[in-house]
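Okay, here's what each chain looks like letter by letter:
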Amino acid sequence: MKVVLQRSGKASVTVDGEITGSIDKGYVLLVGLTHEDEKEDAEYIAKKIAGLRLWEDDDGKMNKSIDEVGGSILSVSQFTLYGDVRKGRRPSFIEAARPEKAEPLWHYFNECLEGYGLQVETGVFGAMMDVELVNDGPVTIIVESK
């Protein structure tokens, strides 16, 4: 499991002209799942993200978690994180989990985040989405389970 986490001032996802999820301060999570991922991977990543200290304290040091600053999550499924471009000019996605495995695991991951008391907004699994965000910092972290 691979997540690209971007700290944001505000963000939203639009599908077919409708906003499906939006947050103010928080994290935008681009979530990629591979065929080897299991619930344990989702649990590990959710715990890691909930506990990360990526927000500044009064001294300007990254010492506060998302919960401590009242932030929210915008979770977006992103199979293209497992695109392999080592050969040719078109990516291969054979490492990405099939939708019948990836979708329930992505929903489970979001539930795990909610279990840490975080508000979670989402995109729509498998849809063409327009993602807008103001990257705060910019702070971008890659979190992987394996």
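Check the entry above for the structure.
Residues numbered from 1 in each chain as written. Predicted model: local features only at pLDDT ≥ 70, side-chain atom pairs only at ≥ 80, totals over all residues. Heavy atoms only, no water.

A.B. asks: Looking at this model, I keep getting lost on the packing of aromatic side chains. Mind explaining?
C.D. replies: Aromatic rings in a pair are described by how distant their centres are and how their planes are angled relative to each other. All told, the structure shown has three aromatic pairs when counted by the stated rule. Taken together, a centroid distance of 5.0 Å and an interplanar angle of 70° make the contact between Phe 79 and Phe 93 edge-to-face. Taken as a pair, Phe 79 in the loop between β6 (72-77) and α2 (99-115) and Phe 93 in the loop between β6 and α2 lie far apart in primary sequence, 14 residues in all. Judged by centre distance (6.1 Å) and plane angle (40°), the rings of Trp 106 and Phe 125 are tilted. Here Phe 125 lies in the loop between β7 (120-122) and β8 (130-144) and Trp 106 lies in helix α2, a separation of 19 residues in the sequence. Judged by its relative accessible area of 1%, Trp 106 falls in the buried class. On the accessibility criterion, Phe 125 (22% relative accessible area) is partly exposed. When the ring centre of Trp 55 is taken as origin, the NZ or CZ atom of Arg 7, which lies over that ring, is 4.9 Å away. The ring of Tyr 108 has Lys 39 lying over it, and the distance from NZ or CZ to the ring centre is 4.8 Å. (Phe/Tyr/Trp six-rings, centres within 6.5 Å; stacked < 30°, edge-to-face > 60°. Helix = DSSP H or I, 4+ residues; strand = E, 2+ residues; numbered from the N terminus. Buried < 20%, exposed > 50% of the residue type's maximum accessible area, 1.4 Å probe, protein only. Lys NZ or Arg CZ within 6 Å of the ring centre and 35° of its normal.)

A.B. asks: Just checking my understanding: could you explain the pairing of strand β5 (residues 62-65) for this structure?
C.D. replies: In the case of a regular strand, side chains alternate between the two sheet surfaces. Here strand β4 (residues 53-56) pairs with β5 via three bridges, running antiparallel. Paired with Glu 56 across the strands is Met 62, a residue of β5. Between the end of β4 and the start of β5, which pair antiparallel, lie five residues, with Gly 60 showing a positive phi angle near 80°. (Pairing = 2+ DSSP bridges.)

A.B. asks: Would you mind going over unusual backbone geometry with me for this structure?
C.D. replies: In most cases, non-glycine residues show a negative phi, while peptide bonds are predominantly trans. Residue Pro 138 is reached from Gly 137 by a cis peptide bond, and omega for that bond is -5°. Tracing the backbone through its elements, the reader meets Pro 138 in strand β8. Backbone geometry places Asp 16, a non-glycine residue, at a positive phi of 50°. With respect to the helices and strands, the residue Asp 16 is situated in the loop between β1 (2-15) and β2 (18-23).

A.B. asks: Hey, could you run me through the pattern of salt bridges in this one?
C.D. replies: A pair can form between side chains of opposite charge whenever their charged atoms are brought close. Using the criterion set out here, one finds five salt bridges in the structure. Of the charged contacts, one joins Arg 7 and Asp 136 as a salt bridge, the two residues approaching to 3.0 Å between their closest N and O atoms. With Arg 7 in strand β1 and Asp 136 in strand β8, this pair connects stretches of sequence that are 129 residues apart. Among the residues examined, Arg 7 registers a relative accessible area of 3% and is labelled buried. (Salt bridge = Lys/Arg side-chain N within 4 Å of Asp/Glu carboxyl O.)

A.B. asks: Could you clarify how one ought to interpret the nonpolar core in this entry?
C.D. replies: Considering soluble globular proteins, one finds that nonpolar side chains tend to be buried as a cluster. Grouped together as the largest cluster of nonpolar side chains are 28 residues, with contacts concentrated most on Tyr 27, Leu 29, Ile 49, Ile 73, Phe 109 and Leu 113. For this core, the elements supplying multiple residues, two or more each, are β1, β3 (26-32), α1 (39-51), β4 and α2. No other element matches α2, which puts seven residues into this core. For Phe 109, the contacting residues outside a window of four places in its chain are Met 1, Val 3, Leu 29, Val 31, Ala 42, Ile 45, Ala 46, Ile 49 and Ser 75. Residues Val 13, Leu 30, Val 76 and Met 129 belong to the second largest nonpolar core, which totals eleven residues. (Core = buried A, V, L, I, M, F, W, Y, C linked by side-chain atoms within 4.5 Å. Contact = heavy atoms within 4.5 Å.)

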